[in-house]
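Structural overview
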Amino acid sequence: QQPRGSWRMTAALRGLSTVPREGLARTLASRQPGRVDDGLFRPELAAVAAQQFGVVLRRQAVAAGYSPAELRRLTASGRWVTIRRGVYLPAVLWETLTRQEQWWLRDVAAPLTMVTPHVLSHDSAARGLALPMLHPREWLTHITRPGVLGSRTEHGVRHHLGTVPPRLAEVGGVTVTGPARTGLD
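Presented here is an overview of the structure given in this document. Just so we're clear, the structure is a prediction, and the values are computed from it rather than from any experiment.

Here we look at helix α7 (residues 122–129)
- Judged by how many residues are buried, α7 sits mostly within the fold: eight of eight residues are covered.
- Here α7 has its buried residues at His 122, Asp 123, Ser 124, Ala 125, Ala 126, Arg 127, Gly 128 and Leu 129.
- Trailing α7 by a residue or two, Ala 130 shows a phi angle of about 60 degrees, which is positive.

Some details on unusual backbone geometry
- Its identity is not glycine, yet His 122 carries a phi of approximately 50 degrees, on the positive side.
- Considering the arrangement of structural elements, one finds His 122 in helix α7.
- Positive phi values are uncommon outside glycine, yet Ala 130 reaches one of about 60 degrees.
- Among the secondary structure elements, Ala 130 is positioned in the loop between α7 and β5 (141–145).
- Overall, Ala 130 belongs to the partly exposed group, its relative accessible area being 42%.

Observations regarding the sheet that holds strand β1 (residues 56–57)
- Pairing is antiparallel across the open sheet formed by three strands, whose spatial order is β1-β3-β2. Here the strands that pair on one side only, and so sit at the sheet edges, are β1 and β2 (80–84).
- Bridging between β2 and strand β3 (residues 87–90) involves four bridges; their strand directions are antiparallel. Looking at β3, one finds that Arg 84 is bridged to Val 87.

Brief notes about the packing of aromatic side chains
- Following the criterion strictly, the structure yields three aromatic pairs and no others.
- Residues Trp 80 and Tyr 88 carry aromatic rings whose centres are separated by 5.7 Å and whose planes lie at 35 degrees to one another, so their mutual orientation is tilted. Both residues of the pair, Trp 80 and Tyr 88, belong to the buried class.
- Linked through ring pairs, Phe 41, Tyr 66, Trp 80 and Tyr 88 together constitute an aromatic cluster.
- Here Arg 42 stacks its cationic end above the ring of Tyr 66, 4.1 Å away from the centre of that ring.
- A cation over a ring is seen here: Arg 106 above Trp 103, with NZ or CZ 4.3 Å from the ring centre.

About the cut-offs
- Residues numbered from 1 in each chain as written.
- Predicted model: local features only at pLDDT ≥ 70, side-chain atom pairs only at ≥ 80, totals over all residues.
- Heavy atoms only, no water.
- Buried < 20%, exposed > 50% of the residue type's maximum accessible area, 1.4 Å probe, protein only.
- Helix = DSSP H or I, 4+ residues; strand = E, 2+ residues; numbered from the N terminus.
- Pairing = 2+ DSSP bridges.
- Phe/Tyr/Trp six-rings, centres within 6.5 Å; stacked < 30°, edge-to-face > 60°.
- Lys NZ or Arg CZ within 6 Å of the ring centre and 35° of its normal.

Structure below.
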């Protein structure tokens, strides 16, 4: 089952050469959550996780045979971390990441749950492009998309009205605004 929105991960855990953060790439590549032998996911879910930076959606887990009660146990016990509503990551990986890396995973998890066309922008794009930020305005995921009636925040995602700029960048398969537009935002 393919993720929706602008999320187009291609072998994210095998190389991650387009992710500018060496630390995140190294951590994810060395840990490879979702391997059949690590016990973090069932084999049915392992391939899905490997294509999405190690994160999985609730609906993907249910399709792989996990029951809602089992998902509640995994999150309640701390084996899985809920990084965004309905998006999970193994706690053993989450705990090895820096705060910036954790927020980047939250940023790339948001498009998994979105249906409308969009691109990551503002602070989220800056994190993805590894651009320095003097004062990050807020720890939210920022997206730009057409058709928004003004800016709003919903479920930890700041929606910005705007046209999709002609120059976009791709970070580990995730579409973000380009460096120039991100700097202006």
